[in-house]
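Inside the fold
So the chains spell out like this:
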Amino acid sequence: MENRDYEAAIEAILFTMGESVELEKIAAALELEPKITKKYIENLMERYQSGEHGIKIIELDGAYQMCTKNEMYEYLIRIAKQPKRRVLTDVLLETLSIIAYKQPITKAEIEKIRGVSCEHAVSKLVEYNLVSELGRLDAPGRPMLFGTTEEFLRSFGVHSLEELPVLGEDQVEEFKHQAELEAEAELETGSEQEDSDENT
């Protein structure tokens, strides 16, 4: 390979790994001597020092890592503060609907309606601030109660829960049907994994 090709390969390795990589490992990947590999890395480090780049390569006890230049941090902070786009899957929407209509409600009650575990779905809805913990039910085990938030109302364009459309029995049955399909898919995935484990 040409010199530039080696340097490009080093860039690709450091960018993809995302953490420090030992000089010996980089040299082995390039099929070069460590001394020669180090020279290519130093060429890259010098090139990145110019003001034209937002990243740099640093040396950490015989290993190298690609990272952001300190002067770029303010831009990273700005992008990190921007609201993340929420992705509401069918499972999340069904779980959210049940909570909205049946609140305050426990995870066990949600699972009784859906027929499958709701742990992940409820955790995601709490993370999205569409659902929150309202306290604990005065019952054995004192399970947590969940309900919707003001963010839920804003997101769905309603001023109060009274404005939600009436939930019919057919919709409840559809929730159960979708949950059954979800459970069957999980069982099939589990069976395929077991077959794969047995074959290996």
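Definitions and limits used
- Residues numbered from 1 in each chain as written.
- Predicted model: local features only at pLDDT ≥ 70, side-chain atom pairs only at ≥ 80, totals over all residues.
- Heavy atoms only, no water.
- Helix = DSSP H or I, 4+ residues; strand = E, 2+ residues; numbered from the N terminus.
- Buried < 20%, exposed > 50% of the residue type's maximum accessible area, 1.4 Å probe, protein only.
- Areas by Shrake-Rupley, 256 points an atom, 1.4 Å probe, with all protein chains shown as cover.
- Salt bridge = Lys/Arg side-chain N within 4 Å of Asp/Glu carboxyl O.
- Pairing = 2+ DSSP bridges.
- Core = buried A, V, L, I, M, F, W, Y, C linked by side-chain atoms within 4.5 Å.
- Contact = heavy atoms within 4.5 Å.
- Axes fitted to C-alpha atoms, helices over the stretch in contact; angles between N-to-C directions.
- Parallel < 35°, antiparallel > 145°, perpendicular 65-115°, else oblique.
- Nonpolar A, V, L, I, M, F, W, Y, C, P; charged D, E, K, R; others polar.
- Expected span 1.5 Å × (residues − 1).
- Patch = residues over 30% accessible without salt bridge, like charges linked within 9 Å, V, L, I, M, F, W, Y side chains within 5 Å.
- Phe/Tyr/Trp six-rings, centres within 6.5 Å; stacked < 30°, edge-to-face > 60°.

Secondary structure summary: the chain contains 9 helices and 5 strands in total. Secondary structure elements of the chain, listed N to C terminal, follow the sequence α-β-α-α-β-β-α-α-α-α-β-β-α-α. Relative to its full complement of 200 residues, the chain shows a buried share of 28%. Accessible surface computed for the chain: about 13700 Å², of which carbon and sulfur atoms make up 51%.

A separate point is the pattern of salt bridges. Note that side chains of opposite charge can pair when their charged atoms are close. The tally for this structure, following the rule as stated, stands at 9 salt bridges. Salt bridges here are not isolated pairs; linked through shared partners, they connect Glu-150, Glu-151 and Arg-154.

The subject of this paragraph is the sheet that holds strand β1 (residues 21-22). With antiparallel pairing, 3 strands are arranged side by side in an open sheet as β1-β3-β2. Two strands lie at the open edges of the sheet, namely β1 and β2 (55-60), each paired on one side alone.

By size, the foremost hydrophobic cluster in this structure holds 21 residues, and its most contacted members are Ile-110, Leu-125 and Phe-152. The biggest single contributor to this core is helix α5 (residues 90-102), with 5 residues. If sequence neighbours within four positions are ignored, Ile-110 has contacts with Thr-95, Ile-98, Ile-99, Ile-105, Cys-118 and Val-122. Formed by 16 residues, the second largest nonpolar core is a distinct cluster that contains Tyr-6, Leu-14, Val-21 and Met-45.

Turning our eyes to something else, we now look at the packing of helix α2 (residues 23-30) against helix α3 (residues 34-48). It is at 9 Å that the axes of α2 and α3 come closest, and there the two elements cross at 100°. As the angle between them shows, α2 and α3 are arranged roughly perpendicular. Between α2 and α3, the contacting residues are Leu-23, Ile-26, Ala-27 and Leu-30 on the first element and Pro-34, Thr-37, Lys-38 and Ile-41 on the second. Here the contact of α2 with α3 is composed, by residue class, of 6 nonpolar, 1 polar and 1 charged.

Our next topic: α5. Over its 13 residues, α5 extends 18 Å from the first C-alpha to the last, a length consistent with the 18 Å expected when each residue adds 1.5 Å. Of the residues making up α5, those classed as buried are Leu-92, Glu-94, Thr-95, Leu-96, Ile-98, Ile-99 and Ala-100.

There is a patch of nonpolar side chains on the surface, built from Tyr-73, Leu-76, Ile-77 and Ile-79 and spanning about 390 Å² of accessible area. Mapping Leu-76 onto the fold places it in helix α4 (residues 73-81). Note on Leu-76: relative accessible area 41%, which makes it partly exposed.

What follows covers the packing of aromatic side chains. This structure, assessed with the given rule, holds 2 aromatic pairs. Note on Tyr-6 and Tyr-40: the rings are 5.2 Å apart at their centroids and 25° apart in plane angle, and the pair reads as stacked. Placement of the pair is Tyr-6 in helix α1 (residues 3-17) and Tyr-40 in helix α3, with a sequence separation of 34 residues. Residue classification places Tyr-6 among the buried residues on the basis of a relative accessible area of 12%. On the basis of relative accessibility, which here comes to 11%, the residue Tyr-40 falls in the buried class. An angle of 40° between the planes, with centres 5.0 Å apart, marks the rings of Phe-152 and Phe-156 as tilted.

Here Glu-7 lies in helix α1. The residues contacting Glu-7, other than those within four sequence positions of it, are Tyr-40, Asn-43, Leu-44 and Arg-47.

Once that is clear, we can look at unusual backbone geometry. The peptide bond linking Gln-103 to Pro-104 adopts the cis configuration, its omega dihedral lying at -5°. Residue placement: Pro-104 occurs in the loop between α5 and α6 (107-114). The backbone phi angle of Glu-31 is positive, close to 60°, even though this residue is not glycine. Not every positive phi belongs to a glycine, and Arg-142 is a case in point at roughly 45°. Looking at Arg-142, the relative accessible area reads 42%, which means it is partly exposed.

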